[in-house]
Amino acid sequence: MRIMGLDYGSKTVGVAVCDPLGITAQTVETIVRKDENKLRKTLARIEELIGAYEIERIVLGYPKNMNNTVGERAQKAEELKAALERRTGLPVILWDERLTTVAADRVLMESGVRREHRKESVDQIAAAMILQGYLDNLSFQGERDETGERE
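Just so it is clear, the structure is predicted and the values come from calculations on it, not from any experiment.

What counts, and where the lines are drawn
Here the residue numbering is sequential within each chain, running from 1 through the sequence in written order. For a predicted model such as this one, the threshold for reporting local features is a pLDDT of at least 70, and the threshold for listing and counting side-chain atom pairs is 80 or more; totals across whole chains, interfaces and linings nevertheless cover every residue. Water and hydrogen atoms were dropped before computing side-chain values, which therefore reflect all heavy atoms in the structure. We treat two strands as partners when DSSP finds at least two bridges between them. Where helices and strands are cited, they refer to DSSP runs of H or I of at least four residues and of E of at least two residues respectively, numbered from the N terminus. Where helices are involved, their axes are fitted lines through C-alpha atoms of the stretch in contact, as for all axes, and angles between N-to-C directions lie from 0 to 180°. Only protein chains enter the area calculation, which uses a 1.4 Å probe; residues under 20% of their type maximum are buried, those over 50% are exposed, and those in between are partly exposed. The contact rule is simple, with two residues in contact once any of their heavy atoms fall within 4.5 Å. Within 6.5 Å between ring centres, the rings of Phe, Tyr and Trp (the latter by its six-membered ring) count as paired, and their orientation is classed by plane angle as stacked under 30 degrees, edge-to-face over 60, tilted in between. Counting as a charge over the ring demands two things of the Lys NZ or Arg CZ atom: a distance within 6 Å of the ring centre and an angle within 35 degrees of the ring normal. Definition of nonpolar core: a set of buried residues of the types Ala, Val, Leu, Ile, Met, Phe, Trp, Tyr and Cys, connected through side-chain atoms within 4.5 Å. Confidence of the prediction at every residue is given by pLDDT, a number between 0 and 100. Throughout this description, any angle smaller than 35 degrees is read as roughly parallel, any larger than 145 degrees as roughly antiparallel, any in the 65 to 115 degree range as roughly perpendicular, and the remainder as oblique. Two helices crossing with the near one rotated counterclockwise from the far one by less than a right angle form a left-handed crossing, whereas a clockwise rotation gives a right-handed crossing. Gly is put with the polar residues, along with every residue not named as nonpolar or charged; the nonpolar set is Ala, Val, Leu, Ile, Met, Phe, Trp, Tyr, Cys and Pro, and the charged set is Asp, Glu, Lys and Arg.

Asker: Got a minute to help me understand the sheet that holds strand β5 (residues 92-96) in this structure?
Answerer: For sheets, the rule is that strands pair by backbone hydrogen bonds, running either parallel or antiparallel. Taken together, the five strands give an open sheet; going across it, the order is β3-β2-β1-β4-β5, and neighbouring strands pair in mixed fashion. At either margin of the open sheet sits one strand with a lone partner, and together these are β3 (25-32) and β5. Strand-to-strand twist across the sheet, computed as the mean angle between neighbouring axes with direction ignored, equals 25 degrees. Here strand β1 (residues 2-8) runs beside strand β4 (residues 55-62); their pairing, made up of five bridges, is parallel. Across the sheet, the residue bridging to Leu-6 is Leu-60, located in β4.

Asker: I keep staring at the side chain of Thr-42 and nothing clicks. Help me out?
Answerer: One can find Thr-42 in helix α1 (residues 40-53). For Thr-42, a relative accessible area of 2% gives the class buried. Contact partners of Thr-42, with chain neighbours within four places excluded, come to Val-13, Ile-31 and Arg-33.

Asker: Honestly, the packing of aromatic side chains in this entry has me stumped. Any pointers?
Answerer: By convention here, two paired aromatic rings are described through the distance between centres and the angle between planes. Inspection of every chain in the model, using the stated rule, returns one aromatic pair. Centre to centre, the rings of Trp-95 and Tyr-134 are 5.3 Å apart; their planes meet at 85 degrees, and the pair counts as edge-to-face. Placement of Trp-95 in strand β5 and of Tyr-134 in helix α4 (residues 115-142) is noted, with a sequence separation of 39 residues between them. Overall, Trp-95 belongs to the partly exposed group, its relative accessible area being 23%. For the cation-ring pair, Arg-73 lies above Tyr-8, with the distance from its terminal atom to the ring centre recorded as 5.6 Å.

Asker: Explanation requested: the nonpolar core in the structure shown.
Answerer: Grouped together as the largest cluster of nonpolar side chains are 23 residues, with contacts concentrated most on Met-4, Leu-6, Ile-58 and Leu-84. A per-element tally of this core places helix α2 (residues 72-88) first, with five residues. Excluding residues within four positions of it along the chain, Leu-84 makes contact with Leu-6, Leu-43, Ile-46, Ile-58, Gly-89 and Val-92.

Asker: Is there a simple way to think about unusual backbone geometry in this case?
Answerer: If a residue is not glycine, its phi is most likely negative; likewise, a peptide bond is most likely trans. We note that Glu-54 has phi near 55 degrees; this positive angle belongs to a residue other than glycine. Take Glu-54: its relative accessible area is 61%, and that puts it in the exposed class.

Asker: It is not clear to me how the environment of Ile-93 should be interpreted in this structure. Could you clarify?
Answerer: Within the secondary structure, Ile-93 is located in strand β5. Ile-93 sits in the partly exposed class, given a relative accessible area of 23%. Along the chain, Ile-93 and Gly-5 lie 88 residues apart, while their C-alpha atoms are 9.5 Å from each other. Aside from chain neighbours lying at most four places away, what touches Ile-93 is Arg-57, Ile-58, Val-59, Leu-60 and Tyr-134.

Asker: Explain the confidence of the model for the chain here, please?
Answerer: Note that predicted coordinates carrying low pLDDT should not be read in detail. Looking at the chain, pLDDT values average 85 and 81% of them are 70 or higher. Considering only residues more than four positions removed or in separate chains, one finds that residues 144-151, a stretch of pLDDT under 50, has nine contacts.

Asker: Honestly, the environment of Ala-83 in this entry has me stumped. Any pointers?
Answerer: As for its placement among the helices and strands, Ala-83 is situated in helix α2. The class for Ala-83 is buried, based on a relative accessible area of 8%. For the pair Ala-83 and Arg-40, spaced 43 residues apart in sequence, the C-alpha to C-alpha distance is 10.0 Å.

Asker: For this particular structure, what's the right way to read the packing of α1 against α2?
Answerer: Where α1 meets α2, the closest approach of the two axes is 11 Å, and the angle between their N-to-C directions is 55 degrees. Classed by the angle they form, the pair α1 and α2 counts as oblique. Between α1 and α2 lies a crossing of right-handed hand. Residues Arg-40, Leu-43, Ala-44, Ile-46, Glu-47 and Ile-50 of α1 touch α2, and the partners they reach there are Leu-80, Ala-83, Leu-84, Arg-87 and Thr-88. By residue class, the composition of the contact of α1 with α2 is seven nonpolar, one polar and three charged.

Here's what the structure looks like:
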């Protein structure tokens, strides 16, 4: 099953997909929009990628506040979730993404990517980190039997 990961920001959406076996996440692209409230082209591009990669499920980063409350950014993610489900008919899972963009930026910095070039990749890497966290959780759940013990 192919799964898509999305890192939804105010002006960009990072996109990642997993391999056909659902083991690893790979970056795809960053969708850029001029206005935060204009999603039509963004949703159309996501639909194109869903078709190209034969996606069956979407994992959307859910940026809760550090104290676990739902703020404005998380509410925007909930709105995108509803729009994606309406347009694509696919299930959309909200996945806690606290600090993924910070972690993605750190990975790029430690890899020696210059500051001016980090912006181009950080959203894609954050999307891949969100998706990989979800995939790892699925794998972990699959390693347990009904009693919660490792098989």
